[in-house]
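Observations on chain architecture
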Amino acid sequence: MRLFKKTNIDFMGKRKIWYTISGITLFVGLLAIIFKPVNYSIDFLGGTELLVRFQTAPPINEVRGTMDKIGLPGSEIKTLGDARDILLRTSAQEQGAVIADRIRAGLSAQFEGNKFEVLREEKIGPKIGAELRRNAYYAVIATLVIILIYIGFRFKFIYGVAAVVALFHDVLLTLGLVILFNGVSSHLNLEISQNLMAAFLTLIGYSTSDTVIVFDRIRENLKIYRSDDLFTVMNRSINETLSRTVITSGTVMLVLSVLIIFGGEVNRGFAFTFLIGTITGTYSSIYVASAIVLDYTRYKNLKAHQV
Amino acid sequence: MKQYRGRIIIILLAIGLALYFLYPTYESYKINKHLQTLAGADSTNYILTNEKHIRDVRAKRIKLGLDLQGGMRVVLEVNVLKMLEELAKNKDDQFNSIAAEIEKEAQVSEEPVTDIFKRRFDEKGIRLSRYYGSLRESNDEIIKRLQDESEKAVDRGMEILRNRVDQYGVSEPSIQKEGARRIIVELPGVSNEQEVTTLIQGTALLEFKLMKDPDIIYKTMEAIDKYLASQGFTDTSASAKKSDTTTQTNALAALTQDSSKSVLPGDKSPEQFAKEHPFFALLRPNQKGTGEGYASENDRPRIDQILKRPDVQKLIPSDMEFLWMAKPSFVSEGSRFFALIGLEKKAELTGGVIVDARATIDPNFNQPIVTMNMNSEGSRDWARITGANVNKRMAIVLDNAVFSAPVIRGKITGGRSQIEGMENIDEARLLEIVLKAGALPAPVNIIEQRSVGPSLGEDSIHAGINSFTYALILTVLFMLMYYRTGGIVACVALFINVSFIFATLAAFGGTLTLPGIAGIVLTIGMAVDTNVLIYERIREELTTGKTLNAAISAGYSKAFSAIFDSHVTTFFSGVVLFQFGTGPVQGFALTVMMGTAANLFTGIVITRVLFNFMTTRSTSTINFG
C-alpha cells in the first residue's frame, strides 16, 4: 500500500502566505496568553486540593454553600468528567492537613445521606510551587540551549537558530491554544500542571526531531545536487520526506487520539496538548525552520553580491 | 550471516537479560492472581509457606508509583530557623526580634536560612558568639558549624521517621533525602491522613529505661507461655511452617551454648513443642539467661497481638513493659530476627538532658565508641542512677524502639559517658543520631502532602493500560497493512523495545507512573518513526532499480543520520527533564530516556539482523508494500 506517489509540491514558494497565517495564529494565541487568566494547577500555586466522589451527584451550589460556611469562601469548585466527582481547591494554608479535615467535616455534615470518598488529597506549600515554576523555566531553557548547540554543531549555526525559533513558535502557539481551550469542557482539564509541562517538553522533543529529519534530507541533497539552489533543494527534500512526515505524524496523532479518548482524566490534557504540538511541530519544520534558513541564506547572498 | 554473528550474540544476550529482569514481575503477578482465588485461611497459609519467595519476587518486580497504586506522599523540610533558635543560648529581646525578621524574609527568599541569618547579624554588627559557641569564634566559623548542624538534622529527621514508619508497619515504604534539607516519605497503600501526619510530626521521645532483672523477664515470658498453653492457644501459622521452625531453632541453638534452661524442642517434634509452648514457639528466650527473646520479623505482629491481650497483660508486672530492639539481632535463613526485652515502664531520664553525642574510634583499642555529654542537672541524676544500678543494663529507647542496651560499668559522674561494643562505625553513628534526636529535635514542616485513594489509582491504571493496548494494536495493524513484511519486522522490534523499557525499569528499581506510561506511548511513536524512515528509504531505493539486498543496506545507511540525530535530541530533552523535573515529570523522562536508547538498538540493529536473516533464506518473501 502506498499513500503517496512521487509528489512535486512547491512548498517554499507559498511560504509568504504561511508566514501570514502563522503570524495571525500566534497573535491570537498571544492575546489569549495575555488576556485570559492562566489556570495554574495546584502544583504551581500551592494550596489544598481535594477530589471527592459522591454516591450521587450533589448540587454544586450546595457544595459552594458548604465551603462558604466553613470559612473557605472563593474556593474553586468544579466537576471533573463525572458529575459525582467534585474538585475542591483553596489557596488557604495551614500546618498539617487541617484545611482538608475541615472540608471533609463540612461536607459530611452537609451531605449526610450522600456518602463520599476522597480520591485524591493534595497540600502543597507556596515555596514548592514557586520552585516548580522556576524548575520548569530552567528545564525549557536548558532544553533549548542543548538543541541549539546540538543542531548548530551537526548542521550549520543558522539551522540551530531556525530550529529554536520553530520551537518558540510551536510552544507559543500550543500554549495559546491550550489557554484558549481551557474550561471549554469539563472533560478536558488543561490547567498548567506538571503533566502539561511534560507535554510541552515532549512536543519540544518531537518538533525538534521532525525538524532534524527535514534538515537531514536538505543536508544530504545539498551534497548531491550541487548546482541547484537552496530553494529547489528544499522543495525537493520536503517532497521526498513528505510520505514519512505524513505517516509518522499520522501514527503519533492516532496514538494521541487513543490517549485522549481512553487515557483517562490525567492523560487527556497531556495528549491534547501534545496533539496540537504534533500538528504545529510538523508544520513548523517546513514553514518556520526551513523557511527561515532559506530567507536568511538568500538575504546573506544578496548582501554578498551588493558588496 | 557470518558478519552478524557478534550482533546476534549481543541481541540474544540483551533479550535474555530482559527476560531475567522481567521474570519477577511476571511471577509476582501470577502469585497475586493465585491469591485472589484463595479465601481467608488458605491465602494466609499460602503466604506463610511461600514467604521468602514472595518477598524476593516483590523486591525485584517493577514498582508502581503512588498514582497507580494509591498511597501517600509527604515532603518534609527541616525548619532550620527553628533549629537555630533552639540551639541559641542566652536568647535576649534583640535575638528574638532579629529572628522574627529573618522568619519573614525566609518565607519569600530562596536564600539559605543560614545565609540570611549571618547577613542579618552582620548588618547589626552583633557577634554570633554571644549566642553560640565560645567568644573566640568568628561569625563565619559559627555559621559553618550551624550549617553542618542543619545538615545533620536532616539525617536525624530521617532516622526518626524511618524508626516510626518501621513500627507503623507499611509495606515498601520509601524515605529519601532530597537536596540538603528535604525528606520525601512515600507510603503506598496508606490513606489515613491524620494518623500519618501525627506519626510524622510528633516530637521524638528519647528515654533511658533500666532493664528488668533477666530472671523476672524470663519468668514472665514463661507465665505467658504456660497460660497460653492452658488456654489451648494454637497458632495455626506456627504449625503451618514446621520445616522453618527446625531451622530457626538450630540457628538459635548455635547462638546459645548454655542449655540449662532448655525449652528447645530437643527430641520433641516441632508440632508438639508448639502445642506445649505456644509462646516460646514464636519467641525464643536467650539461653544464656540475658532476658532477651528472639523472634523473626514475621512473627512480631503475632507476638504484639498476644502481648496486647488484656488477659495476658495481667500476667506482666505492672511496672514492666516489653519493647523490641530497633535493629535485627541476627539474620538466619533469610529472615531477620529481632530481640524483645523487658524494661522498667518508668523512664529514668529523658533525652532532653543530652547536650552532645559523638561517634568516634577509640584510639586505644581501635574500637568504635559513642561519647555522650549531659547538662549539669542531667549529670547529677545520671550519677545517682548509674551508681545505684551498676552491672545492670540501661536501654536507650527512641519512640518505643530500643536502639542499644549497654551494661552500666560503674557510677558515671561529670555527665560524660562512653558507650562501647558497637560492631562497626556505622552502628556507632546510628547511636549518635539517636542520642541527638532526644537532645536536638529536628523540627520539620510538611511542605507537600499528596494522597491518592486506591480507587483513583485503579481507575487510572486501567485507563492507562487500556489506552496503551489500543494504541499498540492500532499501530501494529497499520504497520502490517502498510509495510507488509517490513511491518512484521517493525512489530517484533516494537515488542522487544517495550520489553526492554520494562526490563530496565525493573533492573534499576525505577518506578512506573502514569506519566511514565505516557512516555512509553510516545516511545512507540518514535519506534514507528524509525521504521517508517528506513522503509520509505528502502522504497525509494527500490524505485531506482536496486536489488532488494542493496536497497535494504542503502536504506539503513541513509536513514541512519536522521534517526540518530532525532533520537539524540529527544534523549537529551529527557535528560534535562529528569534533571530539572520532579516526581511525575521524572517518571516521564525516565521512560523516554530508556525508550529512545532501546529504540536505537531495536530499530537499527535488531531489525537489520532480522532482514539479513530473511534475505539469506529467500528474497521472494520480503515485501515492503
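Residues numbered from 1 in each chain as written. Chains lettered and ligands numbered in written order. Predicted model: local features only at pLDDT ≥ 70, side-chain atom pairs only at ≥ 80, totals over all residues.

Moving on: the overall build of chain B. When you go through chain B residue by residue, the secondary structure sums to 23 helices and 18 strands. Relative to its 625 residues, chain B shows a buried fraction of 39%. For chain B, contacts bridging at least 24 residues in sequence account for 74% of all contacts bridging at least 6. (Helix = DSSP H or I, 4+ residues; strand = E, 2+ residues; numbered from the N terminus. Buried ≥ 20, exposed ≤ 12 C-beta atoms within 10 Å, placed from the backbone. Contact = placed C-beta atoms within 7 Å.)

How big an interface is tends to be stated in terms of accessible area lost as the parts join. Taken together, the contact between chain B and chain A spans 58 residues of the former and 55 residues of the latter. Elements represented by at least two residues in the side of chain B that touches chain A include exactly helix 9 (193-201), strand 17 (444-452), helix 19 (454-483), helix 21 (514-543), helix 22 (548-580) and helix 23 (583-617) of chain B. No other element matches the 15 residues that helix 19 of chain B contributes to the side of chain B that touches chain A. Taken together, the five bridges between strand 4 (residues 116-124) of chain A and strand 17 of chain B define a ladder with antiparallel strand orientation. Pairing of A:Ile124 across the sheet is with B:Glu448, part of strand 17 of chain B. (Pairing = 2+ DSSP bridges.)

Its 30 residues place the ends of helix 21 of chain B 44 Å apart at the C-alpha level, agreeing with the 44 Å of an ideal helix rising 1.5 Å per residue. By the criterion of burial, helix 21 of chain B is predominantly enclosed, with 25 of the 30 residues buried. (Expected span 1.5 Å × (residues − 1).)

Moving on: the domain arrangement of chain A. All names here are of chain A. Its domain assignment divides chain A into domain 1 (12-40 + 129-306) and domain 2 (47-124). Across the boundary between the two partners, domain 1 contributes five residues, which contact five residues of domain 2. Residue composition of the side of domain 1 that touches domain 2, grouped by class: no nonpolar, four polar and one charged. (Domains from an automatic or database assignment. Nonpolar A, V, L, I, M, F, W, Y, C, P; charged D, E, K, R; others polar.)

Now for the packing of helix 5 (residues 126-154) of chain A against helix 7 (residues 194-224) of chain A. Residues and elements named next belong to chain A. Relative orientation of the contacting elements helix 5 and helix 7 amounts to 5°, with a least axis distance of 11 Å. Viewed along their axes, helix 5 and helix 7 adopt a mutual orientation that is roughly parallel. Contacts between helix 5 and helix 7 involve Leu132, Ala136, Ala139, Thr143, Ile147 and Ile151 from the former and Gln194, Met197, Leu201, Ile204, Thr208 and Val212 from the latter. Of the residues contributing to the contact of helix 5 with helix 7, the split by class is nine nonpolar, three polar and no charged. (Axes fitted to C-alpha atoms, helices over the stretch in contact; angles between N-to-C directions. Parallel < 35°, antiparallel > 145°, perpendicular 65-115°, else oblique.)

What follows deals with the pairing of strand 4 of chain A. All names here are of chain A. Here strand 4 lies mainly inside the structure; seven of its nine residues are buried. The pairing of strand 1 (residues 47-54) with strand 4 spans eight bridges and is classified as antiparallel. Its bridge partner lying in strand 4, Gly47 is registered against Ile124.

Time to look at the nonpolar core. With 117 residues, the main nonpolar core has A:Ala163, A:Phe200, A:Val255, B:Val521, B:Ile524 and B:Leu577 as its most contacted residues. What B:Ile524 contacts, discounting residues up to four positions off in sequence, is A:Val255, B:Ala471, B:Leu472, B:Thr475 and B:Leu494. (Core = buried A, V, L, I, M, F, W, Y, C linked by C-beta atoms within 7 Å.)

Residue and element names in this part refer to chain B. Examined bridge by bridge, strand 12 (residues 354-362) and strand 13 (residues 367-374) share eight bridges and lie antiparallel to one another. Note on strand 13: the bridge partner recorded for Ile361 is Pro368. Linking strand 12 to strand 13, which pair antiparallel, is a turn of four residues; within it Asn366 sits at a positive phi near 55°. Of the strand pairs in this sheet, strand 13 and strand 16 (residues 416-419) are connected by four bridges, and their pairing is antiparallel. Bridging from a neighbouring strand, Asn373 pairs with Arg416 of strand 16.

The description of two packed helices rests on the angle between their axes and on the distance between the axes. All names here are of chain A. As a packed pair, helix 3 (residues 60-69) and helix 4 (residues 98-110) sit with axes 10 Å apart at the nearest point and diverge in direction by 130°. Judged by the angle between their axes, helix 3 and helix 4 are oblique. The handedness of the crossing between helix 3 and helix 4 is right-handed. Contact residues: helix 3 offers Glu62, Thr66 and Lys69, while helix 4 offers Gly106, Leu107 and Gln110. Across the contact of helix 3 with helix 4, the residue classes tally to one nonpolar, three polar and two charged. (Left-handed = near helix turned anticlockwise from the far one by under 90°.)

Residue and element names in this part refer to chain B. Along the chain, Ser561 falls in helix 22. Of the residues examined, Ser561 has 16 C-beta atoms within 10 Å and is grouped as partly exposed. Taking C-alpha positions, Ser561 is 29 Å from Gly581, a pair spaced 20 residues apart along the chain.

Our next topic: the environment of B:Tyr46. Residues and elements named next belong to chain B. Position of Tyr46 among the secondary structure elements: in helix 2 (residues 40-49). Here Tyr46 falls in the partly exposed class, since 16 other C-beta atoms lie within 10 Å of it. Separated by 185 residues in the primary sequence, Tyr46 and Gln231 have C-alpha atoms spaced 27 Å apart. Once residues lying within four places of it in the same chain are set aside, the contact partners of Tyr46 are Leu35 and Leu38.

The subject of this paragraph is the sheet that holds strand 3 (residues 174-178) of chain B. Taken in spatial order, the eight strands of this open sheet run 2(A)-3(A)-1(A)-4(A)-17(B)-2(B)-4(B)-3(B), and their pairing is antiparallel. Two strands lie at the open edges of the sheet, namely strand 2 (76-80) of chain A together with strand 3 of chain B, each paired on one side alone. For this sheet, the mean inter-axis angle between neighbouring strands, taken without regard to orientation, is 20°. Inspection of the sheet shows strand 2 of chain A paired to strand 3 (residues 82-90) of chain A by five bridges, in the antiparallel sense. When the sheet's bridge partners are listed, A:Glu76 is paired in strand 3 of chain A with A:Arg89. Helix 3 of chain A contacts strand 2 and strand 3 of chain A of the sheet and is inclined by roughly 145° relative to strand 2 of chain A.

Residues and elements named next belong to chain B. Judged by pairing direction, the sheet is antiparallel, and its four strands sit side by side in the order 11-5-14-15 without closing on themselves. This sheet does not close on itself; its edge strands, each paired only once, are strand 11 (349-350) and strand 15 (401-404). The sheet contact formed by strand 14 (residues 394-398) and strand 15 spans three bridges and is antiparallel. Looking at the pairing, Leu398 lines up with Ala401 of strand 15.

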